[in-house]
Amino acid sequence: MMVLLSGNEAIARGAIEAGVRVAAGYPGTPSTEILEALARAGGGAYVQWSTNEKVALDVALGAAMGGVRAMATMKHVGLNVAADTFMTAAYTGVRGGLVVVSADDPGLHSSQNEQDNRLYARFAGVPLLEPADSREARDFTVLAFDLSEEFDTPVLLRTTTRIAHCRGVVTPGPVREGGPRGFERDPRKYVMLPAFARDRHAVLLRRLAALAEYAETSPVNVEEMGDPAVGIITGGIAYQYVRDVLPDASVFKLGLTHPLPLRRLREFAARVGRLIVVEELEPFLEERIRAAGVAVEGKEFFPRTGELTPDLVRAGLARAGVIPESRSRAAAREPAMPRPPVLCPGCPHVVPYLVLRSIGAVVAGDIGCYTLAAMAPLSAMDSCVAMGCSIGMALGLARAGTAPGPVVATIGDSTFLHAGIPGLIDAVYIRTPVTVLILDNGTTAMTGGQPHPGTGVTLQGTETRAVDLARLCGALGVDHVQVVDPYDVGATSQARCAATAHRGVSVVITNRPCVEAPVKIRDAPFRVIEDACTACQACMNLGCPAIAWTDGWYEGRRRVAIDGPACTGCTVCAQICPTQAIVPIAEAPGPRAHGAAPAEVAHE
Amino acid sequence: MSDVRSLLLVGVGGQGVILAGTIVASACLRAGMDVKKSEVHGMAQRGGAVYSHIRYGPRVHSPLVEEGGADVLVAFEWAEGLRWLPYLRDGGVLIINTEAVVPPAACRDRRGWTPGYPEVDVARLRGRAGEVLACNARALARRLKHQKVANTILLGVLASRLDLPDAAWQEAIAATVPASTVEINLRAYQEGRRLTFPRDTAPVDGSRRPVQARPSSRDGATAFLIDVVDGWCKGCDICVRVCPEHCLRLNGRERVEVIDAAACTGCRLCEWLCPDFAIAVRGVAPVLPDTARRTE
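Thresholds, definitions, all that
- Residues numbered from 1 in each chain as written.
- Chains lettered and ligands numbered in written order.
- Predicted model: local features only at pLDDT ≥ 70, side-chain atom pairs only at ≥ 80, totals over all residues.
- Heavy atoms only, no water.
- Helix = DSSP H or I, 4+ residues; strand = E, 2+ residues; numbered from the N terminus.
- Rg over C-alpha atoms; globule rule 2.2 N^0.38 Å.
- Buried < 20%, exposed > 50% of the residue type's maximum accessible area, 1.4 Å probe, protein only.
- Contact = heavy atoms within 4.5 Å.
- Areas by Shrake-Rupley, 256 points an atom, 1.4 Å probe, with all protein chains shown as cover.
- Lys, Arg positive; Asp, Glu negative; His and termini not counted.
- Charge placed at Lys NZ, Arg CZ, Asp CG, Glu CD.
- Axes fitted to C-alpha atoms, helices over the stretch in contact; angles between N-to-C directions.
- Parallel < 35°, antiparallel > 145°, perpendicular 65-115°, else oblique.
- Left-handed = near helix turned anticlockwise from the far one by under 90°.
- Nonpolar A, V, L, I, M, F, W, Y, C, P; charged D, E, K, R; others polar.
- Buried area = accessible area lost by both parts, 1.4 Å probe.
- Salt bridge = Lys/Arg side-chain N within 4 Å of Asp/Glu carboxyl O.
- Polar contact = N/O pair within 3.5 Å; in protein donor to acceptor, adjacent residues only side chain to side chain.
- Domains from an automatic or database assignment.
- 1 Å grid on protein atoms, 1.4 Å probe; cavity = no way out; pocket = protein on both sides within 12 Å on 5 of 7 lines; lining within 4 Å.
- Points joined across faces, edges and corners; volume = space filled by probe spheres on them.
- Pairing = 2+ DSSP bridges.
- pLDDT = per-residue confidence, 0-100.

1. Here we look at the overall build of chain A
In step 1: On a plain count of helices and strands, chain A comes out with 19 helices and 22 strands.
In step 2: In terms of overall dimensions, chain A is globule-like: its C-alpha atoms have a radius of gyration of 27 Å, near the 25 Å expected for 604 residues.
In step 3: With respect to the three principal axes, the spread of C-alpha positions in chain A is 80 × 65 × 55 Å.
In step 4: Across the 604 residues that make up chain A, the buried fraction comes to 59%.
In step 5: A separation threshold of at least 6 residues defines the contact pool for chain A, and within that pool the share at least 24 residues apart is 73%.
In step 6: In the form shown here, chain A has an accessible surface area of approximately 22,800 Å², with 55% of it arising from carbon and sulfur atoms.
In step 7: Of the side chains in chain A, 55 bear a positive and 62 a negative charge, and the two mean positions are spaced by 4 Å.

2. So, the packing of helix 6 (residues 134-151) of chain A against helix 9 (residues 194-217) of chain A
Residues and elements named next belong to chain A.
In step 1: Their axes nearest at 11 Å, the elements helix 6 and helix 9 cross at an angle of 135 degrees. Taken together, the axis directions place helix 6 and helix 9 in an arrangement best described as oblique. The chirality of how helix 6 crosses helix 9 is right-handed. Within the contact between the two elements, helix 6 uses Leu143, Leu147 and Phe151 and helix 9 uses Arg207, Ala210, Leu211 and Tyr214.
In step 2: Taken together, the residues of the contact of helix 6 with helix 9 break down into six nonpolar, no polar and one charged.

3. Considering the interface of chain A and chain B
Often, the extent of an interface is quoted as the loss of accessible area upon association of its parts.
In step 1: With 78 residues of chain A at the interface, the matching set in chain B holds 81 residues.
In step 2: Summing the contributions of chain A and of chain B, the shared interface buries around 7,000 Å²; its carbon and sulfur component is 54%.
In step 3: The tally of links from chain A across to chain B stands at eight salt bridges.
In step 4: Of the charged contacts in the structure, one is a salt bridge between Glu80 of chain B and Arg339 of chain A, with a shortest N-O distance of 2.6 Å.
In step 5: The interface formed by chain A and chain B includes 21 residue pairs in polar contact (both at pLDDT 80 or more).

4. Structural notes on the environment of Ile289 of chain A
All names here are of chain A.
In step 1: Within the secondary structure, Ile289 sits in helix 12 (residues 284-291).
In step 2: On the accessibility criterion, Ile289 (1% relative accessible area) is buried.
In step 3: Between the C-alpha atom of Ile289 and that of Pro261, which follows or precedes it by 28 residues, the distance is 9.7 Å.
In step 4: Sequence-distant contacts of Ile289, defined by excluding residues within four places in its chain, comprise Ile233, Leu260, Leu265, Val277, Val294 and Val296.

5. A short note on the domain arrangement of chain A
In step 1: Splitting chain A by domain gives domain 1 (3-217), domain 2 (222-319), domain 3 (350-510) and domain 4 (526-587).
In step 2: Look at where the C-alpha atoms of domain 2 of chain A and domain 4 of chain A centre, and you get two points 56 Å apart.

6. Observations regarding the layout of surface pockets
In step 1: What the second largest pocket holds in volume is close to 930 Å³.
In step 2: Looking at the second largest pocket, it is lined by 32 residues, and the ones nearest its centre are Ser358 of chain A together with Val240, Arg241, Val242 and His246 of chain B.
In step 3: Elements that contribute at least two residues to the lining of the second largest pocket include exactly helix 14 (350-358), helix 18 (489-501) and helix 19 (572-576) of chain A together with helix 7 (238-242) and strand 8 (248-250) of chain B.
In step 4: Along the lines of polarity and charge, the residues of the lining of the second largest pocket split into 19 nonpolar, eight polar and five charged.

7. Details of empty space enclosed by the protein
Residues and elements named next belong to chain A.
In step 1: Counted according to the given criterion, the structure contains 11 cavities of 30 Å³ or more.
In step 2: The space that makes up the largest cavity amounts to roughly 190 Å³.
In step 3: In terms of lining residues, the largest cavity is bounded by 23 residues, among which Gly346, Leu542, Cys544, Cys570 and Val572 are the most central.
In step 4: Those elements that place two or more of their residues in the lining of the largest cavity are helix 14 and helix 19.
In step 5: Looking at the lining of the largest cavity residue by residue, the classes come out as 18 nonpolar, five polar and no charged.
In step 6: The two domains that each donate at least three residues to the lining of the largest cavity are domain 3 (350-510) and domain 4 (526-587).

8. Section: the sheet that holds strand 18 (residues 506-510) of chain A
Residues and elements named next belong to chain A.
In step 1: Overall, parallel pairing links the five strands, which are arranged 14-15-16-18-17 in an open sheet. The open sheet has two edge strands with one neighbour each: strand 14 (362-364) and strand 17 (480-484). Strand-to-strand twist in this sheet, taken as the mean axis angle between neighbours without regard to direction, amounts to 20 degrees.
In step 2: Of the strand pairs in this sheet, strand 14 and strand 15 (residues 407-412) are connected by three bridges, and their pairing is parallel. The partner of Val362 across the bridge, within strand 15, is Val407.
In step 3: Packed on one face of the sheet, helix 14 meets strand 14, strand 15, strand 16 (435-439) and strand 18 and runs near 155 degrees to strand 16.
In step 4: Set on the sheet, helix 17 (residues 469-476) makes contact with strand 16, strand 17 and strand 18; between it and strand 17 the angle comes to about 170 degrees.

9. Structural notes on the domain arrangement of chain B
In step 1: Its domain assignment divides chain B into domain 1 (5-194) and domain 2 (216-284).
In step 2: Between domain 1 of chain B and domain 2 of chain B, the C-alpha centre-to-centre distance is 47 Å.

10. Concerning the sheet that holds strand 2 (residues 22-25) of chain A
All names here are of chain A.
In step 1: Pairing in this open sheet of seven strands is mixed, and the strands run 3-2-4-5-7-6-12 from one edge to the other. With partners counted over all chains shown, the strands left at the sheet margins are strand 3 (46-49) and strand 12 (256-258), one partner each.
In step 2: Bridge count between strand 2 and strand 4 (residues 70-75): four bridges; the pairing is parallel. Opposite Ala24, over in strand 4, you have Ala72 as the bridge partner.
In step 3: Sitting on the sheet, helix 3 (residues 53-65) is in contact with strand 2, strand 3, strand 4 and strand 5 (98-104), with an inclination near 165 degrees to strand 4.

11. Focus on the confidence of the model for chain B
All names here are of chain B.
In step 1: With 86% of its residues at a pLDDT of 70 or more, chain B has an overall mean of 87.
In step 2: At the level of individual helices and strands, chain B shows its lowest average pLDDT in strand 10 (residues 279-284), which scores 90, and its highest in strand 4 (residues 70-75), which scores 98.
In step 3: In this model residues 203-208 is a low-confidence stretch, pLDDT under 50, and it forms 23 contacts with partners more than four residues away in sequence or in other chains.
In step 4: Contacts from residues 287-296, a stretch scored under 50 in pLDDT, to residues over four places away or in other chains number 11 contacts.

12. Concerning the side chain of Arg110 of chain B
In step 1: Tracing the chain through its elements places Arg110 of chain B in the loop between strand 5 (88-97) and strand 6 (131-135).
In step 2: Assessed through its relative accessible area of 13%, Arg110 of chain B is described here as buried.
In step 3: Of the polar contacts made by the side chain of Arg110 of chain B, one reaches the side chain of Asn541 of chain A; its length is 2.7 Å.
In step 4: Those residues in contact with Arg110 of chain B that sit more than four places away from it in its chain are Gln537, Met540 and Asn541 of chain A together with Pro244, Glu245 and Thr265 of chain B.

13. Description of the pattern of salt bridges
A side chain of one charge can pair with a side chain of the opposite charge if their charged atoms are brought near each other.
In step 1: As enumerated under the stated definition, the model contains 56 salt bridges over all chains in all.
In step 2: Put simply, Arg558 of chain A and Asp551 of chain A hold a salt bridge, and the shortest N to O gap is 3.4 Å.
In step 3: On the basis of relative accessible area, Arg558 of chain A is assigned to the buried category, the value being 1%.
In step 4: Glu245 of chain B is the salt-bridge partner of Arg110 of chain B, the closest N and O atoms lying 2.7 Å from each other.

14. So, the side chain of His349 of chain A
In step 1: Along the chain, His349 of chain A turns up in the loop between helix 13 (310-319) and helix 14.
In step 2: Filtering out sequence-adjacent residues up to four positions away, His349 of chain A remains in contact with Leu343, Cys369, Tyr370, Leu439 and Asn441 of chain A.

As structure tokens, then:
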């Protein structure tokens, strides 16, 4: 039966069919749904969220060494974290199949960079598979496990946002039977002492040569011969755009993009007139093909930044003279209203940043929803680079001695556990006076609310022991640890004062759960008493999406109203309103049904 | 390629755009089509713009719709419809919800107080699409006593303009939405499918729509002076903390001083809350050149 699966779900399906036994990962857009789908499917696989991507890959590598099929999933920048293990796993090889899934994010839909992880395959010397839709995501995952065992190597399966988050038709296949290969002691293969590792490097190079031979006959590298005037070499999502824009062209579609089938590519080049590579981001294929002595064009027509689209492929091929210039649409274009992502109504991250801004703190931020506090109106973050960076960068800023205010690191709970703890140890041990604000909302919110070791439940929902962040910080030697309710503006402000005044390392932990996950928290909503609002805009400084201007005026300024159905009842705006104009809907004077739109205001 | 149909569903995070897209794709599959659907997850969902591209036909390659390539654009929100209008092909169908979801970023002009939200005016769409089907889906959903089915109503409208069988839609809805809401969603779908345009196109009511210009009789000053009586100020910090525009600070002598008078909107919180009457805010003749609109 045919089903509609996202690329991520298709990878999970492929892993099930291939008989995966252990799968681990860390949530990260666009990779997150792979493990979630795998966990939902149940079956014989052990599936877990790890504390970070390196641990996930360690878990998977250990399982592979134990002779079962294993998978590690992560977003592109996650592979940087796991790179230490990844690079040497290419030396050790595997016993059970090991597939590393890297979901890249060209165009930075939800990432801090758009690095092209195909380069990791060449760097580490492992085979690289790139599916072009959900059907291939499933097929290639099965193939990846087979290749991994046949060639004794980890296999990198690389997707992009347009593969991971695109749904397509998949015909599931049977689940492969077959017992694990079992563990076998082999220190020369798995203990990477210099003496052993030297040998393994040579093994790796021999293996790559064998893989290059395989590439020449691999069924996932396909010539689709058509009009021989122009030959296109492409793979992944770019293949789909090429097929739409040039339905009749000759296309060499690469599914295995490292190592390349150079003999077949040369033959293809000889059969076509011009040879053009269409690929997203780096000229990864183009440079290899050119280095092999084949005349090829590519990045002079297509951007090296952002993601490709059918429009960009069309424009590039027009620039190359392959197709006529596309008709320009002269349609009047509306100046688009900006609609950047914002913190949700009731988000517990708002008040901590509000109080940090008010003291002019220099804030080293981190990766999570709270990075949005860098935007107006909170405008309270000075840096965000990589997972866990905030604390180390705060130490550097403090040591630089140039900050105009107190130096504060802000980091989410999941990010703190992922990569923040070593920075905090550093701070305590070297006695650097910084304040660390751990925004503990109990979940990995940005990726949709996955549990982490501080949550107390596993991916499957079974209860386990949660890390106690306050006690952890105390154990590291932090002598000022305070837990505060971030919905209490006064208490949060005072906690901030006490922490920044403390001479030494101080930690403040906020303790309100995310309002969206794992459960939607909806308390009694609030409203604005029209006549009491002096339009001072203090509440508008929260950036709450539930508060907006009305057509009511006060002394030349716009009054505000709260969208009842959107309000979560967090009470923060009511606390900061200087005229007590914000009250729970239930207590408000006058008839106003729950959820009614703000009354039209006539104030003239 | 011409036998592939391209649909674009656009809206704001939380409106159910992705779920609606899943229903459409599922209906295509049930009708025996090849189908691909691309969507947004992650950061953009935090109240940002959300879209779902859907393409179906005998064989689909690209999951993305080209600019000028959408046969139907379904806008679950007014401004998002305007944003994506260039993606509609000549003669394509525009289905647009007249509901406005005003983002906080559109309420930030504290000089001119003009919301940065485009006016909701269906007449402006005339000639911009082969067919314009505009309705206030949230208001229609309220009639069904179920706010959340606005997206399903719009799906019903979409279904009325596509060649997919009714049974495929109904099965897709039943298989996709939570079991407890199947019945109300099917009713909403039928409601949308039956809607006749343009009789029902008038925006029914209800949406926040701050588009009126400043009433001239209320027109105050647009520039302000903040006077501080230094000798009365005891440095309590109240005005500094309360100022929404961060105009004030305590100086080295623990006395308040004005650091950004240009940002003052004249809310006078500092004046009202000063326990020592040490601050006064005065409106002065506007220094900005935007006076034409204000003169009476």
